[in-house]
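An overview of the molecular structure
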Amino acid sequence: MENLINQENLEDIRELIENKIKDIPGELILAGALGSILLSSYLNKTGHTQAASIIGSLAVPIAGIGLAKYKDVLKSGIASFEKPEQEVS
């Protein structure tokens with residue numbers, strides 16, 4: 001059986017994934033990560049531990065992708081907290 005994920009195909013796979021998710025807002029991707037965590041905890045509670053671990057392991061990469069897309073909004077929010085507004089007398 002051939003290993004489809006190798007060094008030669010890695011760049012093609014990255015471009016394919018980036019093209020598929022470029023139109024999806026970062027907020028929706030972050031909501032998907034939260035949904036993955038919630039679904040994982042529900043499955044774990046109902047006794048489906050193997051499915052819960054698979055779905056739970058997807059939450060971190062999904063959150064990483066969402067944060068990478070949402071980083072500009074986060075940076076501007078952090079900058080606004082670092083610079084307190086001057087009080088007007």
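Residues numbered from 1 in each chain as written. Predicted model: local features only at pLDDT ≥ 70, side-chain atom pairs only at ≥ 80, totals over all residues. Heavy atoms only, no water.

Next up on the list: the overall build of the chain. In terms of helices and strands, the chain carries three helices and zero strands. Taken from N to C terminus, the helices and strands of the chain fall in the order α-α-α. Across the 89 residues of the chain, 10% fall into the buried class. Relative to all contacts within the chain whose residues are 6 or more apart in sequence, the contacts with residues 24 or more apart total 55%. Carbon and sulfur atoms make up 62% of the accessible area of the chain, which totals about 7600 Å². (Helix = DSSP H or I, 4+ residues; strand = E, 2+ residues; numbered from the N terminus. Buried < 20%, exposed > 50% of the residue type's maximum accessible area, 1.4 Å probe, protein only. Contact = heavy atoms within 4.5 Å. Areas by Shrake-Rupley, 256 points an atom, 1.4 Å probe, with all protein chains shown as cover.)

Following the sequence through the fold, Gly66 ends up in helix H3 (residues 49-82). Placed 34 residues apart in sequence, Gly66 and Gly32 show a C-alpha to C-alpha distance of 8.8 Å. Among all residues touching Gly66, those that are not within four sequence positions of it are Gly26, Ile29 and Leu30.

This next bit is on the environment of Ser57. With respect to the helices and strands, Ser57 occurs in helix H3. When the C-alpha positions of Ser57 and Ile37 are compared, they lie 8.7 Å apart, and in sequence the two are 20 residues distant. A distance of 2.7 Å separates a polar atom in the side chain of Ser57 from the backbone oxygen of Ile54. (Polar contact = N/O pair within 3.5 Å; in protein donor to acceptor, adjacent residues only side chain to side chain.)

Turning our attention to the environment of Leu39. For Leu39, the location among the structural elements is in helix H2 (residues 26-45). By relative accessible area, which is 39% here, Leu39 ends up partly exposed. Taking the C-alpha atoms as reference points, Leu39 and Ala52, separated by 13 residues in sequence, lie 7.4 Å from one another.

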